[in-house]
Amino acid sequence: MDITELKTARKKLDELATLQSSMMDAIPHAVIGLDDRKILFANHAVLAVFGWRPEELIGKTMRVLFRSRREYEKEGRVFYSVLKKKRTHSLEFVYRHKDGRDITCLTSVSRISDRKGDYRIVATHTDITEKKRAEDSLQESQRMLSTLIGNLPGMAYRRRPGKDWPVDFVSEGSFELTGYRPEELINSSVTSYRKVIHPDDQPGVWETVKRALKNGEHFQKVYRIITADRKIRWVWERGMGIYLPTGVLVAVEGFITDITELKRTQHELEQSRRELSIHADHLHTMLEGERT
């Protein structure tokens, strides 16, 4: 019997299987094939992601990859949903590495069918542990910064160059300081901060800011503002320019705080000094008169 064609077909099937295996191993994500949650196959990336060699996982259930039964059951619900609805589903799961540490993966689950028409699950796992850790760290830093700024006795801000120096960011302290809420100052939706500055003090403020920005220095200035309820307050501002590596100014960031009470105390102290000086001069004159 001539079996040349059969041999050729088998050779092509072997080559195709080898190619498929090579392609599977070239994928940098852990790929696991399942039948009723039992692992049928796994590519070599499972070693890098989960710490298990493929042959160690085959025949086991997915439970071996979970520390928590709740996560295991949650994944099971996703798998069965994919089997019924014929769609790919992606979700984050916390798995257990072979060395015992927790890892977070973005798991994409798809349904495939074999020649008999039976359905299987293919799950692709991408390790995002470091990404999640970085995101959590960033969120914690942002929370701490928000708490810090929220507790400062004044208003932190970020303004960008342009007419009236529109505000990109204003902390919650703006309401107590100016009577305007952050959303009323951002992008000058209700008023611009330039208009909050007392008209008589605007030229001096902008001259100080421009000179500092030109020299790439911090600036600080004491001036008056007019609040939303038309009250005059004294404030102290300190800020600096933010530049691109090319030297282009992109923003000004700083902090403004209320020093009205301090100015009032200084005024009262100065007035007391003047009165004491007048009394001292008067007493000196009286003493000189008695001597003569």
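Structure: above.
About the criteria used
- Residues numbered from 1 in each chain as written.
- Predicted model: local features only at pLDDT ≥ 70, side-chain atom pairs only at ≥ 80, totals over all residues.
- Heavy atoms only, no water.
- Phe/Tyr/Trp six-rings, centres within 6.5 Å; stacked < 30°, edge-to-face > 60°.
- Helix = DSSP H or I, 4+ residues; strand = E, 2+ residues; numbered from the N terminus.
- Buried < 20%, exposed > 50% of the residue type's maximum accessible area, 1.4 Å probe, protein only.
- Lys NZ or Arg CZ within 6 Å of the ring centre and 35° of its normal.
- Pairing = 2+ DSSP bridges.
- Patch = residues over 30% accessible without salt bridge, like charges linked within 9 Å, V, L, I, M, F, W, Y side chains within 5 Å.
- Areas by Shrake-Rupley, 256 points an atom, 1.4 Å probe, with all protein chains shown as cover.
- Salt bridge = Lys/Arg side-chain N within 4 Å of Asp/Glu carboxyl O.
- Axes fitted to C-alpha atoms, helices over the stretch in contact; angles between N-to-C directions.
- Contact = heavy atoms within 4.5 Å.
- Core = buried A, V, L, I, M, F, W, Y, C linked by side-chain atoms within 4.5 Å.

J.: Just checking my understanding: could you explain the packing of aromatic side chains for this structure?
T.: Per the stated rule, a full pass over the model turns up five aromatic pairs. On the numbers, 4.6 Å between centres and 35° between planes, the contact of Phe 66 with Tyr 95 is tilted. Of this pair, Phe 66 sits in the loop between helix H3 (54-57) and helix H4 (69-85) while Tyr 95 sits in strand S3 (residues 89-96), placing them 29 residues apart in sequence. With respect to class, Phe 66 is no different from Tyr 95; both count as buried. Members of the aromatic cluster, connected to one another through ring pairs, are Phe 50, Phe 66, Tyr 72, Phe 93 and Tyr 95. The lysine or arginine in question, Lys 98, covers the ring of Trp 52, its NZ or CZ lying 4.9 Å from the ring centre. Seen from the ring of Phe 175, Arg 181 lies directly overhead, with NZ or CZ sitting 4.1 Å from the centre.

J.: What should I look at first to understand the pairing of S3 in this one?
T.: Along a regular strand, successive side chains alternate from one face of the sheet to the other. When S3 meets strand S4 (residues 102-113), the two strands line up antiparallel, connected through eight bridges. Opposite Phe 93, over in S4, you have Cys 105 as the bridge partner. In this structure, the hairpin formed by S3 and S4 is closed by a connection of five residues, where Gly 100 is found at a positive phi of approximately 100°.

J.: What am I meant to see in unusual backbone geometry here?
T.: When glycine is set aside, most residues are seen to have a negative phi, and most peptide bonds are trans. For Asn 187, which is not a glycine, the phi torsion comes out positive at approximately 55°. Positionally, Asn 187 belongs in the loop between helix H7 (182-185) and helix H8 (193-196). Residue Asn 187 is classed as partly exposed on the basis of its relative accessible area of 47%. A positive phi is found at Ser 188, a non-glycine position, where the angle reads about 55°. Position of Ser 188 among the secondary structure elements: in the loop between H7 and H8.

J.: Hey, could you run me through a nonpolar patch on the surface in this one?
T.: Taken together, Leu 145, Leu 148 and Leu 152 make up a surface patch of nonpolar side chains, about 270 Å² in accessible area. As for its position among the elements, Leu 152 is in the loop between helix H5 (129-151) and strand S6 (155-159). The partly exposed category is assigned to Leu 152, whose relative accessible area is 33%.

J.: Can you help me understand the sheet that holds S6 in this one?
T.: Hydrogen bonds between backbone atoms are what pair the strands of a sheet, whose relative direction is either parallel or antiparallel. Read from one edge of the open sheet, five strands run S7-S6-S10-S9-S8, paired in antiparallel fashion. For this open sheet the edge positions go to strand S7 (167-170) and strand S8 (219-226), each flanked by a neighbour on one side alone. On average, each strand axis in the sheet is tilted by 25° relative to the strand beside it, whichever way the strands run. Two elements, S8 and strand S9 (residues 232-243), share eight bridges in a ladder whose sense is antiparallel. If you follow Val 222 over to S9, its bridge partner there is Trp 236. With respect to the sheet, helix H9 (residues 202-215) is in contact with S6, S8, S9 and strand S10 (249-258), its orientation differing from that of S8 by roughly 155°.

J.: What is the right way to look at the environment of Ile 232 in this model?
T.: Structurally, Ile 232 can be placed in strand S9. According to the relative accessible area criterion, Ile 232 is partly exposed, its value standing at 48%. Measuring from C-alpha to C-alpha, the distance between Ile 232 and Thr 178 comes to 9.6 Å, with 54 residues separating the pair along the chain. Contact partners of Ile 232, with chain neighbours within four places excluded, come to His 198, Arg 224 and Ile 225.

J.: Any chance you could explain the nonpolar core here in plain terms?
T.: Generally speaking, a soluble globular protein has its nonpolar side chains buried in company with each other. Formed by 25 residues in total, the largest nonpolar core has its most connected members in Ile 32, Phe 50, Met 62, Leu 65 and Tyr 95. Considering each element in turn, this core owes the most residues, four residues, to H4. If we ignore the near neighbours within four places in the chain, the residues touching Met 62 are Ile 32, Leu 34, Arg 37, Ile 39, Tyr 72, Glu 75, Phe 79, Tyr 95 and His 125. Grouped together as the second largest cluster of nonpolar side chains are 22 residues, Tyr 157, Val 209, Leu 213 and Val 235 included.

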